[in-house]
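This is what each chain is made of:
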Amino acid sequence: MSANRPAAVVVLAAGEGTRMKSATPKVLHAICGRSLVGHVVAASRELDPEHLVVIVGHERAKVSAHLAEIDPTVRTAVQHEQNGTGHAVRMGLEELGNSGVVLDGTVVVVCGDTPLLTGGTLRKLSDVHAADGNAVTVLTAEVPDSTGYGRIVRDAATGAVTAIVEHKDATDAQRAIREINSGVFAFDAQLLTDALGKVRTDNSQGEEYLTDVLGILREAGHRVGAAVAGDHREILGINNRVQLAEARKLLNERLLHVAMMDGVTVVDPASTLVDVTVTFERDSVVHPGTQLLGATHIATGAEVGPNSRLKDTTVGAGAVVDNTVADGALIGEGANVGPYAYLRPGTQLGTKSKAGAYVEMKNAVIGEGTKVPHLSYVGDATIGEFTNIGAASVFVNYDGVKKHHTTIGSHCRTGSDNMFVAPVTIGDGAYTAAGSVITKDVPPGSLAVARGQQRNIEGWVARKRPGSAAAQAASAAQQDGRETDAEQ
């Protein structure tokens, strides 16, 4: 546990986010597999705070329910009216105080719409705050263009922060400053609590501004310091869909960079999307146009893509997955999937098995070395080892009310265009003839034939479709046949 463990982290997530123009609360919009507030909560957890409080307001029931799902130990405090950031933090501290918590140490305040903020940067803020003995420490960043941001004005001799000046109020000299305020702070808990009680609302918005606390503490003789983020993009807040897309791109690049530095080949990072929860092993390969989502794991030597979307799917070592959609599937070592396969939840492919072109599987367990090469649907089924399923096979699992199971044994050979009407069992080593509709169990080693006898009605086209192209072609073929017979 760090010696600089914060007493609390307060996450501001009460705003409506009107510029998102969405029925979804802004902080619940997601990038790379997590909500905006989910990213902030995850980064805050890296500080190991004694308490983590999220301030909720707009659509608080939705936001609270989401928080309970992603991190059940998070506390929430309600800001019934959005009366400013200072008011929001005061609601968080009162929530803790009402439950008997006495804060002693550092309180870190972060914004719930900054998904690129990392735990490492928050740790740096906390460490600088402790080392410098500040009453409050501002997380700042040096940006290429500071237009529109609050400028950080420092004391030239001590480096302490003397003011945060908004762009509209800044002089020409201050507007030349590239160090800006991020809206993320570390406070001494007791000093923060006292200062919040002195914040006034005599401003154009009639709100309690958290930044006013800095002036109150400075006028009381306390030091206000700053910690500079290593990458200014970490502090980017999300206010509209354009910024949401930009943040997604930046985070995606960060995730792929880490993967590639760890030994993963990403052929085209620009066309590859990953979630923060995806994991890789060395020497795996990701081809262009691939999306890896949820708890997907790609093992050593596996190749995924091009043009594949895998969610909550495990790909075993050496497996090849080409042009495939998979959700909740387990793909064994050396298995071969696709192109154009669809693996639905519950699919398990054994070692060196195959789900080929235009194959769909759902809740199906496929044994080692078994192949379903093409044009088939396998649903609610168990297939043994080293069995081959003929093309255009359908496992008929639904009777309109319930789903039923099909079992096919090991070393079976089923013909093309088979229908397996569940529940039905095909024994080990059995064969089924092409075109069969299998409705009864097939004993081991048997051949099942379930189709009507073929009969040919000669002359039908000439009688029923006289003058048609088919009739003319048939007549010509018959004439050719007679001439050939005569020659022979």
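Structure report, in brief. (Residues numbered from 1 in each chain as written. Predicted model: local features only at pLDDT ≥ 70, side-chain atom pairs only at ≥ 80, totals over all residues. Heavy atoms only, no water.)

Before going further, it helps to examine the overall build of the chain. Of the regular secondary structure elements, the chain holds 10 helices and 37 strands. Summarising its shape, the C-alpha atoms of the chain cover approximately 115 × 50 × 40 Å along the three principal directions. Within the chain, the fraction of its 488 residues that count as buried is 45%. If you sum the accessible surface of the chain, you get close to 23,300 Å²; carbon and sulfur atoms cover 50% of it. Put simply, the chain has 44 plus and 55 minus side-chain charges, and the middle of one group is 5 Å from the middle of the other. (Helix = DSSP H or I, 4+ residues; strand = E, 2+ residues; numbered from the N terminus. Buried < 20%, exposed > 50% of the residue type's maximum accessible area, 1.4 Å probe, protein only. Areas by Shrake-Rupley, 256 points an atom, 1.4 Å probe, with all protein chains shown as cover. Lys, Arg positive; Asp, Glu negative; His and termini not counted. Charge placed at Lys NZ, Arg CZ, Asp CG, Glu CD.)

Here strand 1 (residues 8-13) lies mainly inside the structure; 6 of its 6 residues are buried. Burial along strand 1 is two-sided: the face carrying Ala-8, Val-10 and Leu-12 and the face carrying Val-9, Val-11 and Ala-13 are both buried. Here 5 bridges tie strand 1 to strand 6 (residues 106-111), and the two strands are oriented parallel to one another. Bridge pairing in strand 6 links Val-11 to Val-110. (Pairing = 2+ DSSP bridges.)

To continue, consider the pattern of salt bridges. By the definition in use, this model includes 12 salt bridges. Residue Asp-48 is joined to Arg-5 by a salt bridge in which the shortest nitrogen-to-oxygen separation is 3.6 Å. With Asp-48 in the loop between helix 1 (36-45) and strand 4 (51-56) and Arg-5 in the segment before strand 1, this pair connects stretches of sequence that are 43 residues apart. On the basis of relative accessibility, which here comes to 34%, the residue Asp-48 falls in the partly exposed class. For Arg-5, a relative accessible area of 27% translates into the label partly exposed. The salt bridge involving Arg-344 is made with Glu-360; its shortest N-O contact spans 2.8 Å. (Salt bridge = Lys/Arg side-chain N within 4 Å of Asp/Glu carboxyl O.)

Packing of helix 3 (residues 85-98) against helix 6 (residues 189-196) brings their axes to within 10 Å, and their N-to-C directions diverge by 120°. For the element pair helix 3 / helix 6, the angle class is oblique. With respect to the hand of their crossing, helix 3 and helix 6 are arranged in left-handed fashion. Contacts between helix 3 and helix 6 involve Gly-86, Val-89, Arg-90 and Leu-93 on the former and, on the latter, Leu-192, Thr-193 and Leu-196. Residues of the contact of helix 3 with helix 6, tallied by class, amount to 4 nonpolar, 2 polar and 1 charged. (Axes fitted to C-alpha atoms, helices over the stretch in contact; angles between N-to-C directions. Parallel < 35°, antiparallel > 145°, perpendicular 65-115°, else oblique. Left-handed = near helix turned anticlockwise from the far one by under 90°. Contact = heavy atoms within 4.5 Å. Nonpolar A, V, L, I, M, F, W, Y, C, P; charged D, E, K, R; others polar.)

Structurally, Asn-418 can be placed in the loop between strand 32 (413-414) and strand 33 (419-421). Asn-418 sits in the buried class, given a relative accessible area of 0%. A polar atom in the side chain of Asn-418 sits 2.4 Å from the side chain of Thr-432. Aside from chain neighbours lying at most four places away, what touches Asn-418 is Ala-392, Ser-393, Val-394, Thr-432, Ala-433, Ala-434, Gly-435 and Ser-436. (Polar contact = N/O pair within 3.5 Å; in protein donor to acceptor, adjacent residues only side chain to side chain.)

A cluster of nonpolar side chains, Tyr-340, Tyr-358 and Leu-375, forms an exposed patch at the surface whose accessible area comes to about 360 Å². As for its position among the elements, Tyr-358 is in strand 27 (residues 354-366). Judged by its relative accessible area of 51%, Tyr-358 falls in the exposed class. (Patch = residues over 30% accessible without salt bridge, like charges linked within 9 Å, V, L, I, M, F, W, Y side chains within 5 Å.)

What follows is about the side chain of Thr-140. Note on placement: Thr-140 falls in strand 7 (residues 136-142). Residue class for Thr-140 comes out buried when judged on its relative accessible area of 0%.

Counting residues in hydrophobic clusters, the biggest one holds 43 residues, and the most contacted among them are Val-315, Ile-331, Leu-343, Met-361 and Val-378. Listing elements by their share of this core, those giving two or more residues are helix 8 (241-261), strand 25 (341-343), strand 27, strand 28 (371-383) and strand 34 (424-426). Here this core gets 5 residues from one element, more than from any other, and that element is strand 27. Setting aside anything within four residues of it in sequence, one finds Val-315 in contact with His-297, Ile-298, Ala-299, Ala-302, Val-304, Leu-310, Val-321 and Ile-331. By size, the runner-up hydrophobic cluster in this structure holds 35 residues, among which are Ala-7, Ile-55, Leu-103 and Val-109. (Core = buried A, V, L, I, M, F, W, Y, C linked by side-chain atoms within 4.5 Å.)

Burial of strand 11 (residues 224-228) is extensive: 4 of the 5 residues sit out of reach of the surface. Two elements, strand 7 and strand 11, share 5 bridges in a ladder whose sense is parallel. Looking at strand 11, one finds that Leu-139 is bridged to Ala-227.

Moving on, we come to the packing of aromatic side chains. In this structure the tally under the stated criterion is 3 aromatic pairs. Look at Phe-185 and Phe-187: their rings are 5.6 Å apart centre to centre, the planes differ by 40°, and that puts the pair in the tilted class. Across the pair, Phe-187 and Phe-185 agree in class, each one buried. On the numbers, 5.2 Å between centres and 25° between planes, the contact of Tyr-340 with Tyr-358 is stacked. Of the two residues, Tyr-340 is situated in the loop between strand 24 (336-337) and strand 25 and Tyr-358 in strand 27; the sequence distance between them amounts to 18 residues. Judged by its relative accessible area of 46%, Tyr-340 is partly exposed. Looking at Lys-403, its charged tip hangs above the ring of Tyr-398, at a distance of 5.4 Å from the centre. (Phe/Tyr/Trp six-rings, centres within 6.5 Å; stacked < 30°, edge-to-face > 60°. Lys NZ or Arg CZ within 6 Å of the ring centre and 35° of its normal.)

Relative to the assigned elements, Val-394 resides in strand 30 (residues 394-396). Each C-alpha atom of the pair Val-394 and Pro-466 lies 38 Å from the other, and the pair is 72 residues apart in sequence. Not counting chain neighbours up to four residues away, the residues in contact with Val-394 comprise Tyr-377, Asn-418, Met-419 and Phe-420.

The subject of this paragraph is unusual backbone geometry. Most peptide bonds take the trans form, and the phi angle of most residues other than glycine is negative. With an omega of 5°, the peptide bond between Gly-338 and Pro-339 qualifies as cis. By secondary structure assignment, the location of Pro-339 is in the loop between strand 24 and strand 25. Omega for the bond connecting Ala-422 with Pro-423 falls within 30 degrees of zero, at 0°, which places this linkage in the cis form. Structurally, Pro-423 can be placed in the loop between strand 33 and strand 34. Here Asp-312, not a glycine, exhibits a phi torsion of approximately 50°, which is positive. As for its placement among the helices and strands, Asp-312 is situated in the loop between strand 19 (309-311) and strand 20 (314-315).

Function-wise, these values are silent; they only describe arrangement.
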